[in-house]
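Next come the chains, spelled out residue by residue.
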Amino acid sequence: MGQYRSRITPRASLATVGLWMRQEGIWEEVEQRVRVPQKQVKHSTQDKLLSALVTILAGGHGVVELDKRLRPDEGLQRAFGLNGCADQSGVSRTLSACNEETVAQMQEALKMIFRHASAAYRHIYEQGAYQVLDVDMTGLPCGDQGEKATKGYFAGRRGCRGRQLGRVLATNYGESVYEHLYTGTVQLEQSLKELVCGAEEVLELDAERCRQTIVRVDGGGGTDTDINWLQERGYRVLVKVKNWQRAVKLCQTVEQWEPDPHIAGRELGWVTKPHTYHQTTRQLGMRWPKGQDAWHYSVIVSDLDDETLCHLAGCLDKQSLSSQEQMRVMMRAYDMRGGGVETSLRGSKQGLGLASRNKRSFAAQQMLTLLAQLAYNIIAWVHQQLAKATALFCPYGILRMVRDVFQINGRVRLSLNGQILCIALSQAHGLAQPFQKALRLSLASNDCVLILRKM
């Protein structure tokens, strides 16, 4: 038997993900395309960016955590193809050296990685199945000295400065298609077109595929201009109207209000004199109590048929729906965005520390958000494999994947030249056996075995 050395690691399962990434050539696109204008001394700039990515996957909510999560762990480094690890200050300086050109190169690399690895890019439009794209923005508060950090809307933080991150999520697959960072004053009304066009380019949507794509947006992107623009490009829409005065006026034409069984106090009713858009739409009014004898009003606009709405809402499709059932299905289909893009943004903040890493340079902050986007998608792709093998992992979100699934301890066996021969997971860990069962075949081409052992 050949000589080898063994290294204990608290993240043997994450080392397995590193081998899978190398097998799929995911980081190769970054190595080939991204050039940081910084002199190389010991570690390449691409290796330092990879170190930042691994730290995010390991649960680090700041670059400073690299020194305790990755740098002492030789097995984890080798699994991701690193022959060593720079300290956190070196990685931070590399991020600060990024410029607009570097960010553009990284965006191009992520586009090619997405096309290679994602299920959303391989969506089969020809069979009549709709691609669902949820679009939303979230605030990233930061210090006053941050470049392009301005006062804006940050939930629960009045007078705060920061930036805004826009995301387009392929909801059926849980994959982030396109993300872009903006100043703190930009809201969805100003960014919707750019975000949708960015997703179009990544997914290579032509006119026919646009007609098989549903765009679901909250009130921030519900202006007349945005809705008409989406319909003119061929998209199907499910959007909340932004103009509250318009919503009040439209809801005054509702002839009968029905209680919503899903949310107490909310009532639904069809708008009998709908506003005219580029394509014919159905418009659903909703209201909920604001106080004694007063109501909040809002309107949902959709050009989807009942069958599509039932599918989107996860309801059983019937041959014919009553008017009340149509209202409930449309409302449910819109409410499902809360379990899509809103949940994904919350998962990125809780599990990946999206709002915890701040750089003064805007380009450096963009690079951090792009690395977090790649980490998000890597987790989504691993989760797809795990969920396909066992239903145990189906309800796991980003936080539980990072906190639980990627924290299975074990040993990494290395050859004398640093090649990984075996990864042994601690069989005492409750997730070790299903994880090993789901991913052991994925490592076959790496000449590495994934086993269970007592630790």
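This one's a predicted model, so the numbers in the text were calculated from it and none came from an experiment.

Comments concerning the overall build of the chain
Helix and strand counts for the chain come out as 17 helices and 14 strands. Its C-alpha atoms give the chain a radius of gyration of 24 Å, within 12% of the compact-globule value 23 Å for 455 residues. Counting the 455 residues in the chain, one finds 56% classified as buried. Here the contacts in the chain between residues at least 6 apart in sequence split such that 65% fall between residues at least 24 apart. Accessible surface for the chain amounts to roughly 20,300 Å². Of this, 46% is attributable to carbon and sulfur atoms. On the chain, the mean spot of the 57 positive side-chain charges and the mean spot of the 46 negative ones are 9 Å from each other.

Comments concerning the packing of aromatic side chains
Under the criterion given, the structure shown has two aromatic pairs. Relative to tyrosine 297, the ring of tryptophan 257 lies with its centre 6.3 Å away and its plane at 50°, an arrangement referred to as tilted. Of the two residues, tryptophan 257 is situated in the loop between helix 11 (244-251) and strand 8 (258-259) and tyrosine 297 in strand 11 (residues 294-302); the sequence distance between them amounts to 40 residues. The class of tryptophan 257 is buried, set by a relative accessible area of 18%. Ring geometry for phenylalanine 393 against tyrosine 396: centres 5.5 Å apart, planes inclined by 75°, an arrangement best described as edge-to-face. Assigned by exposure class, phenylalanine 393 and tyrosine 396 land together as buried. Above the ring of tryptophan 295, the side-chain terminus of arginine 287 is found at 4.0 Å from the ring centroid. The positively charged end of arginine 400 is found above the aromatic ring belonging to tyrosine 396, 3.9 Å away from the centroid.

What to know about helix 6 (residues 88-96)
Taken residue by residue, helix 6 has Gly90, Val91, Thr94 and Leu95 as its buried positions. Down the axis of helix 6, the sector holding all buried residues measures 140°, keeping them to one side. As for helix 6, its buried residues are in contact with helix 3 (45-57), helix 4 (66-69) and helix 15 (362-389).

A short note on the sheet that holds strand 13 (residues 420-426)
Spatially, four strands are ordered 1-12-13-14 in an open sheet, and the strand pairing comes out mixed. Since the sheet does not close on itself, it has two edges, and those belong to strand 1 (4-9) and strand 14 (449-453), each with one partner. Strand after strand, the sheet turns through a mean of 25° between neighbouring axes, direction not considered. Of the strand pairs in this sheet, strand 12 (residues 410-415) and strand 13 are connected by five bridges, and their pairing is antiparallel. Paired with valine 412 across the strands is isoleucine 423, a residue of strand 13. Along the sheet, helix 1 (residues 12-24) makes contact with strand 1, strand 12, strand 13 and strand 14, crossing strand 13 at roughly 145°. Contacting strand 13 and strand 14, helix 17 (residues 432-439) runs over the sheet at an angle of about 160° to strand 14.

What counts as what
- Residues numbered from 1 in each chain as written.
- Predicted model: local features only at pLDDT ≥ 70, side-chain atom pairs only at ≥ 80, totals over all residues.
- Heavy atoms only, no water.
- Helix = DSSP H or I, 4+ residues; strand = E, 2+ residues; numbered from the N terminus.
- Rg over C-alpha atoms; globule rule 2.2 N^0.38 Å.
- Buried < 20%, exposed > 50% of the residue type's maximum accessible area, 1.4 Å probe, protein only.
- Contact = heavy atoms within 4.5 Å.
- Areas by Shrake-Rupley, 256 points an atom, 1.4 Å probe, with all protein chains shown as cover.
- Lys, Arg positive; Asp, Glu negative; His and termini not counted.
- Charge placed at Lys NZ, Arg CZ, Asp CG, Glu CD.
- Phe/Tyr/Trp six-rings, centres within 6.5 Å; stacked < 30°, edge-to-face > 60°.
- Lys NZ or Arg CZ within 6 Å of the ring centre and 35° of its normal.
- Arc of directions from axis to C-beta.
- Pairing = 2+ DSSP bridges.
- Axes fitted to C-alpha atoms, helices over the stretch in contact; angles between N-to-C directions.

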